There are 2 protein chains.
Amino acid sequence: MSLDLSVDRSSPVPLYFQLSQQLEAAIEHGALTPGSLLGNEIELAARLGLSRPTVRQAIQSLVDKGLLVRRRGVGTQVVHSKVRRPLELSSLFDDLEAAGQRPATKVLVNTMVPATAEIAAALAVAEDSDVHRIERLRLTHGEPMAYLCNYLPPGLVDLDTGQLEATGLYRLMRAAGITLHSARQAIGARAATTAEAERLGEDAGAPLLTMERTTFDDTGRAVEFGTHTYRPSRYSFEFQLLVRP
Amino acid sequence: MSLDLSVDRSSPVPLYFQLSQQLEAAIEHGALTPGSLLGNEIELAARLGLSRPTVRQAIQSLVDKGLLVRRRGVGTQVVHSKVRRPLELSSLFDDLEAAGQRPATKVLVNTMVPATAEIAAALAVAEDSDVHRIERLRLTHGEPMAYLCNYLPPGLVDLDTGQLEATGLYRLMRAAGITLHSARQAIGARAATTAEAERLGEDAGAPLLTMERTTFDDTGRAVEFGTHTYRPSRYSFEFQLLVRP
DNA sequence: GTAGTTCGATTGTCCGGACATACGCATTGA
DNA sequence: TCAATGCGTATGTCCGGACAATCGAACTAC
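Residues numbered from 1 in each chain as written. Chains lettered and ligands numbered in written order. Predicted model: local features only at pLDDT ≥ 70, side-chain atom pairs only at ≥ 80, totals over all residues. Heavy atoms only, no water.

1. Comments concerning the overall build of chain A
Thinking step 1. The helix and strand tally for chain A stands at eight helices and nine strands.
Thinking step 2. Against the 2.2 N^0.38 benchmark of 18 Å for 245 residues, chain A shows a C-alpha radius of gyration of 23 Å, more extended than a compact globule.
Thinking step 3. Principal-axis analysis of the C-alpha atoms gives chain A an extent of 65 × 35 × 30 Å.
Thinking step 4. A total of 245 residues make up chain A; the buried ones form 48% of that total. (Helix = DSSP H or I, 4+ residues; strand = E, 2+ residues; numbered from the N terminus. Rg over C-alpha atoms; globule rule 2.2 N^0.38 Å. Buried < 20%, exposed > 50% of the residue type's maximum accessible area, 1.4 Å probe, protein only.)

Written as C-alpha cells, this is what we have:
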C-alpha cells in the first residue's frame, strides 16, 4: 500500500474529516486511481489507529460526494468519472471569480420600493410594504453578461452600493450573519424586450436565458428574491447531479 | 409529546430508516410543525428503545434532505420552508408523469450511426464506431413540448421503439440493470433553426431552452449523451438547492 | 462440463458508553 | 443598567464490539 495516511489527534479538526480530506486529495492527485479498491475498513482503521465508525464516516462523506462507491462483499471503489461539485447554492459572482473571469458589477438601482404581490408572496412580507430593490449589470471583459434584479426584505443587510460593486450579494449576506440554507430556482428562456435588449447589448427578440430564485436562511425565512436574465452566448448553467440512493 | 413513533424490530427495513420515514411523514403531514424542536436525541432514543447512533442516523438523513436543522446546545428544529426534492437525476418523462401531465412520446428515429467526435468524446467510445441514436418528440395535451436527441453506446440496453413510446429512457436503462450514478448537465438558450422550429411548432428564430447531458453509471461509464430542446412557453427547469455545509 | 452449494470477505446495521464543544440563559459583577 | 461570567443542555465526535446481509469465487455433485 503506497498511500501514507495519518491523522493528528491534537488538531481540533475532526479525525473523520482529516481522513476524508486526505482521501479526496489522493483521488484528485491520482494516488488513488479510478476503479481501485480502497482496502477494507477494519484494516484501514487499525492502520490509522482509528475506530471503524470514524473511518466509515470519512468514507461515507466521500460516497455522498460521488467520489467513492461501496459494494457489499466487494469493497469500496474509486469512481471513474470526474465529479465536480454537485451544484452548490452559489452566486454568479463567485462562479465567475472561480472561473478566473474577473467579474465587474455596475449597480443601476439601489432603493426601496413597495412590494408587488409577486414579490410580497416570494418574500413573505405584506403587500406594498417597503423592500430593497437592486438592479445590477454584470460584465466580463467589458461586455454585459447578465442583468440582475433582486429584492430583499428590509433590515437584514446593509446594502452599500460600493460594496455591491466590489463583491457579490451572497457574500454581503453571509457577512451580515445570515446562514443561507436553500433556494427555489427556475430556469427558462424567452425573447428579449426592447429594454432588456438595450441593457445587454442584444437585439430585441433575441433569446435570453432567465432565472428566478428565492433564497431561504436556516430558519426558513425568505431572505432574497431575484429575477435574472443572461445572454445565452456568454453564459449557461452547468452542473453535476448525483442520484440519491 | 403527541407523536406516536414506533419501530418494528422484526422488519427487514433498517431501524434508522423506519424512524426517518416516520419523522418525514410527520413533517409532511403537519404533526411536526415548522420551527418546533424535535426533543433531544437521548430521550428520543430511550423512548423508542433505540440507541443514540441509530436515532442520529435517522435525523441526519433528514438534515441532509434539508427538512431539519441541528443547532448545538439548542436542539433539532423543523425547517420552515417547504423543501422539494433537491434536483434529482430525473427523466423528463417521470417529471411530467409526476405532474399529472400524461406525457406522450413519438419516436422519430431509432437507429445506429457512427459517432461524431463530440459524441465519441462524451461517451468515451472510438470515433466513427457505432452508437444508438434516438430522436423523440415529447408531447403534452397533443402539443409538442420538447425534442430529445439521445446517443447510447451499443450493447447496453435493448431499445425497443414500442417501449420507448410507452415509458422513459431512464426507466429502460434501470430495467436493463444499469444503476445511474451521476450526470453532467448544461442548460442554455438559443434561437430556433428552421428545422427545430418546424418540429416544435414554433417560428424560426424563436427562443428555445436547451439542455445537454451526459449520464454515468456507478462504475463511471458514460451510458447516455443527449441534447434536448424545449419550448420555453411550455417548460422550464424548476428545482430546490441546498447549501452544503 | 455445467449447475448448484458452500464459504470467506466486506460492508450494513446496531449497541452503549465517553468526553468535547457550543449555545442560551441566569447569575453575578462593575 | 449593562456587560462579563458560569452553568445546564444539547449536539458533535469517537470508541470497541457484535451480528446480519450480500457478493464473488472456489468447490462439489451430477
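2. Focus: the protein's contact with DNA strand C
Thinking step 1. The immediate surroundings of DNA strand C are formed by 25 residues, with Arg70 of chain A together with Arg9, Leu15, Thr54 and Arg72 of chain B found nearest.
Thinking step 2. Of what DNA strand C places within 4 Å of the protein, 72% of the atoms are sugar or phosphate.
Thinking step 3. A distance of 2.8 Å is found between a base oxygen of DNA strand C and a side-chain nitrogen or oxygen belonging to Arg52 of chain A.
Thinking step 4. Within the backbone of Gly73 of chain A, a nitrogen or oxygen atom sits 3.3 Å from a base oxygen of DNA strand C.
Thinking step 5. At the level of elements, α3 (52-65), β1 (68-71) and β2 (75-78) of chain A together with α1 (15-29) and α3 (52-65) of chain B are the ones that each hand at least two residues to the surface near DNA strand C.
Thinking step 6. For the surface near DNA strand C, the leading source of residues is α3 of chain B, giving three residues. (Near = heavy atom within 4 Å. Polar contact = N/O pair within 3.5 Å; in protein donor to acceptor, adjacent residues only side chain to side chain.)

3. So, unusual backbone geometry
Glycine aside, residues mostly have negative phi angles, and peptide bonds mostly take the trans form.
Residue and element names in this part refer to chain B.
Thinking step 1. Positive phi values are uncommon outside glycine, yet Asp128 reaches one of about 70 degrees.
Thinking step 2. With respect to the element layout, Asp128 can be found in the loop between α5 (117-123) and β4 (130-140).
Thinking step 3. Exposure remark for Asp128: the relative accessible area of 55% places this residue in the exposed category.
Thinking step 4. Its identity as a non-glycine residue notwithstanding, His141 has a phi of 55 degrees, on the positive side.
Thinking step 5. Note on placement: His141 falls in the loop between β4 and β5 (143-152).
Thinking step 6. Taking relative accessible area as the criterion, His141 reaches 66% and is therefore assigned exposed.

4. Quick look at the sheet that holds strand β7 (residues 207-217) of chain A
To summarise the sheet geometry, strands pair through backbone hydrogen bonds and adopt either a parallel or an antiparallel arrangement.
Thinking step 1. Taken in spatial order, the seven strands line up as β3(A)-β4(A)-β5(A)-β8(A)-β7(A)-β6(A)-β9(B) in an open sheet, and their pairing is antiparallel. Of all strands in the sheet, those with a lone pairing partner are β3 (104-114) of chain A together with β9 (237-242) of chain B, marking the two edges. Looking at each pair of strands side by side, their axes are set apart by 15 degrees on average, direction ignored.
Thinking step 2. Sheet topology places β3 of chain A next to strand β4 (residues 130-140) of chain A; 10 bridges connect them, and they run antiparallel. (Pairing = 2+ DSSP bridges. Axes fitted to C-alpha atoms, helices over the stretch in contact; angles between N-to-C directions.)

5. Remarks on the interface of chain B and chain A
Thinking step 1. Taken together, the contacts link 40 residues of chain B with 40 residues of chain A.
Thinking step 2. Here chain B meets chain A over a buried area of about 3900 Å², counting both sides, of which 58% is carbon and sulfur.
Thinking step 3. The tally of links between chain B and chain A comes to four salt bridges.
Thinking step 4. Across the pair Arg71 of chain A and Asp218 of chain B runs a salt bridge whose closest N-O atoms are separated by 3.8 Å.
Thinking step 5. Elements supplying a minimum of two residues to the side of chain B that touches chain A: β1 (68-71), β6 (180-191), β7 (207-217) and β9 of chain B.
Thinking step 6. In terms of residue count, β6 of chain B provides more of the side of chain B that touches chain A than any other element does, 12 residues in total.
Thinking step 7. Its residues placed into classes, the side of chain B that touches chain A shows 21 nonpolar, 11 polar and eight charged.
Thinking step 8. Pairing between strand β9 (residues 237-242) of chain A and β6 of chain B: six bridges, direction antiparallel. The partner of Leu242 of chain A across the bridge, within β6 of chain B, is Ser182 of chain B. (Contact = heavy atoms within 4.5 Å. Buried area = accessible area lost by both parts, 1.4 Å probe. Salt bridge = Lys/Arg side-chain N within 4 Å of Asp/Glu carboxyl O. Nonpolar A, V, L, I, M, F, W, Y, C, P; charged D, E, K, R; others polar.)

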